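# A look at the structure
In case you want the letters, here they are:
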Amino acid sequence: MARYSILSLARNALTGHRDWPELWRSPEPKPAYDVVIVGGGGHGLATAYYLAKEHGVTDVAVVEKGWLAGGNIARNTTIIRSNYLWDESAAIYEHGLKLWEGLSRELNFNVMLRQRGVMNLAHTEHDVRESIRRVNANRLNGVDAEWLDAEGVKAFCPTISISPDVRYPVLGATLQRRGGVARHDAVAWGYARGADARGVDIVQHCEVTGIRQVRGRVTGVETSRGFIGARKVALVAAGHSSVLAEMAGLRLPVESHPLQAMVSEPLKPVLDCVVMSNAVHVYISQSDKGELVLGAGIDSFNSYGQRGGLHVLEDQLAALMQLFPAFSRARLLRSWGGIVDVCPDASPIVSKTPVEGLYINCGWGTGGFKATPSSGWTFAHTIARDEPHKLNAPFALDRFTSGALIDEHGAAAVAH
Amino acid sequence: MMRIECPWCGGRDETEFHYGGEAHIARPEDPDALSDEAWADYLFMRANPRGVHAERWMHAQGCRQWFNVLRHTASHEVVAVYPMGAPRPDHPETAA
Ligand SMILES: Cc1cc2nc3c(=O)[nH]c(=O)nc-3n(C[C@H](O)[C@H](O)[C@H](O)COP(=O)(O)OP(=O)(O)OC[C@H]3O[C@@H](n4cnc5c(N)ncnc54)[C@H](O)[C@@H]3O)c2cc1C
Ligand SMILES: [Zn+2]
C-alpha cells in the first residue's frame, strides 16, 4: 500500500497527480475463501480490516451486490457519540469512539473526524430527569457527559432558540464534547484500502442469492457470479439482513424501514456542534461544505424501497423551525433514504448463529455509523475465535430468547 | 406518499393511517406451555420480507377501523385489502 504523506503528495505533484495508485484492486472472486463477508458497507469493510489486522485472517472476500459503500454507510448523517444509558451499550459505543479517535492515523486515511460536541436536548420535566440520569450513568462508565441548563445550551450553540413561548421549550441538554461527525465515504474507503492491502478481496457487483449448508454447517454462498466456497460466512447486510438470514433458514427480530435525511444549500458557518432533539424530533449539524444536514425518525412501515414519504420530512422541518427559526429561509437541496434494520430493543446483534460457521451482524438500525469501528472490531473477533468478545457477548441473537434485552429506546435518546 | 384504500371510507393518503406491523400473528392460546424459543418467535421474530408483506393498518383519522393489507415492500404497491380475521388472500407473489 502506498502510504500517504507530505512526501508522496509532493512526488505525485511532480507528475500532475496522474499516478496515484487505486485504493483497492477489483479481483475476480476465487473459488473459495476462509471467510466470506456479505455486505460491503462500513461494518463489512471494518470487519475485513480487523480480521486481517488483528487476527491475521487474510483469506477473506467482501462480496457486495452493488458498489462499495453505496448503502447506509454513504447515506447517514454521520453523528458519532457514545453516551448510551446501559453499561453494555456504553462499553461497545465508547470502544468505537476511542477507535474513531485514532482512526485517521491507523488507516493512514483522513476520516475527517470532528469532535465538535453533541447536544441531546431536553424539552419536558421528564426529559430533564432522564437526561441527568443518563449523564450520571455515562460518567460512572467513563463516558464524558455534562448537563447544560437552557442558558448553557444557548452559550454552547448561539444559533438555537431557547424561547419559552413554544410548545416544547428547550429546558437543557446533555453534552458529549467528544461526540461529533466524520466523513462517511472516507471511513468506508479507508477500511477498504487497509483491508485490500492486507490481502482481502473486495468483490463488487456480486449479489449473494443463497447460503449453502451441509449438515448444519455453512460451506459457501451462491452469488450472481457463481458459487464461492467458505469455511465461515459473515452476514453484514444492514437493511437486507432478514433477506439473507432467510436464505439460511433463520428468522430475525429485525424489521426494515426507510430512514430519510436531507441537506440544505451551503451556508456560511452557523452551527459548529451537533444538536439532537427526540421530543420535537430532528437532529442537525453543518457539513464542511456548509450544508445543514438534517434527519429524524423512520417511516413507520416495513420497506426496502430506499425512499419515504414527504410528510416525514415536513415533520422534521417543523421541528427545526421551532429550534432554529433563523433557518426558515434556507433552501433544501436534496433528500434521500436508506433502509435500516430496527431491533425491538434498539440495540444491535453481533453474534454467532445456530448454523455452524455462520455469523451475523445487524440491527444497528438508525444508529450504527458511530459504531462502524467497534462493530467491525468485535465481529472480527467473533468470527476469528468462533466466540464473542466480552464487548459484544451481550449483543447475541439469543438475548431475545433469554429475555436479557438491552433496551435503549428513548433511554439513550436513541435517535442516533 | 402512499394511497391506501380503507375498506369503509375509500382511498385516502397514508398520513390518515396508523401502521400496525405484520399481520396474522396470533397470541398463543397457552403461553405457559410454550418453550422460550416459541415465545421469542411470537414476541420478536418477524418475516420482514422483501416482497409482498401482510400487514395491519388502522384508519386513525377516519373510521378508526383496523384492516389487513398486502403490500409490496420494495414498490410500496398495495395489492390487496381485506378484513381483520380473514385469511391471507392468494396472490401470485405470495406463494411462499
Ligand atoms: C438516513 C440515515 C441516517 C443515519 N444517520 C446516522 C447517524 O447520524 N449516526 C449513526 O451512528 N448512524 C446513522 N445511520 C445508521 C447507519 O448508517 C447504519 O447503522 C450503518 O451504516 C449500517 O452498517 P453498514 O455501513 O455496514 O450498512 P450498509 O452500508 O447499508 O451496508 C450493507 C451492504 O450490504 C449489501 N448487501 C445487501 N444484500 C446483499 C446481498 N444479497 N449480497 C451482497 N451484498 C448485499 C448492501 O448493498 C450494502 O452495501 C443512519 C442511516 C440512515 C439511512
Ligand atoms: Zn376508514
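Here's a quick rundown of the structure. (Residues numbered from 1 in each chain as written. Chains lettered and ligands numbered in written order. Predicted model: local features only at pLDDT ≥ 70, side-chain atom pairs only at ≥ 80, totals over all residues. Heavy atoms only, no water.)

## Let's talk about the sheet that holds strand E4 (residues 52-58) of chain B
Residue and element names in this part refer to chain B. The cut-off we apply is this: Two strands make a pair as long as DSSP finds a minimum of two bridges between them. Helix and strand assignments come from DSSP, with helices taken as H or I runs of at least 4 residues and strands as E runs of at least 2, each series counted from the N terminus. Angles here are taken between N-to-C directions and fall from 0 to 180 degrees, while the axes themselves are lines fitted to C-alpha atoms, restricted in helices to the stretch in contact.
The strand order across the open sheet formed by four strands is E3-E4-E5-E6, and the pairing between neighbours is antiparallel. Two strands in the sheet have a free side with no partner beyond their single neighbour: strand E3 (18-22) and strand E6 (78-82). Taken pair by pair, the neighbouring strands of this sheet meet at an average axis angle of 30°, ignoring direction. Relative to E6, strand E5 (residues 66-72) is paired through four bridges, and the arrangement is antiparallel. By the bridge assignment for E6, Asn68 is matched with Tyr82.

## Here we look at unusual backbone geometry
Trans peptide bonds make up the majority, and among non-glycine residues the majority have a negative phi. Note the cut-off: Burial classes: relative accessible area under 20% of the type maximum marks a residue as buried, over 50% as exposed, and values in between as partly exposed (1.4 Å probe, protein chains only).
Non-glycine residue A:His281 carries a positive phi angle of around 60°. Residue position: A:His281 is located in the loop between strand E13 (274-277) and strand E14 (282-286). The class of A:His281 is partly exposed, set by a relative accessible area of 31%. Phi angles above zero are rare outside glycine, and B:His76 is one such case at about 65°.

## Structural notes on the side chain of A:Asn12
Definition in use: Working rule for contacts: check all heavy atoms of both residues, and any pair within 4.5 Å makes them a contact.
Positionally, A:Asn12 belongs in helix H1 (residues 6-14). Aside from chain neighbours lying at most four places away, what touches A:Asn12 is A:His17, A:Asp19 and A:Trp20.

## Digging into the packing of aromatic side chains
Residues and elements named next belong to chain A. What counts is decided by this rule: Two aromatic rings, drawn from Phe, Tyr or Trp (for Trp, its six-membered ring), form a pair once their centres lie within 6.5 Å of each other, and the interplanar angle then sorts them: stacked below 30 degrees, edge-to-face above 60, tilted otherwise. For a lysine, the NZ atom is tested; for an arginine, the CZ atom; a charge sits over a ring if that atom is within 6 Å of the ring centre and within 35 degrees of the ring normal.
Under the criterion given, the structure shown has 14 aromatic pairs over all chains. With a centroid separation of 5.9 Å and 85° between ring planes, the pair formed by Tyr93 and Trp364 is classed as edge-to-face. Highlighted residues: Tyr93 in helix H3 (residues 87-101) and Trp364 in the loop between strand E18 (358-362) and helix H10 (372-385), separated in sequence by 271 residues. Per residue, the accessibility class of Tyr93 equals that of Trp364, and both read buried. Following the ring pairs from residue to residue traces out a cluster consisting of Tyr4, Trp20 and Phe109. When the ring centre of Phe227 is taken as reference, the NZ or CZ atom of Arg212 above it lies at 3.7 Å.

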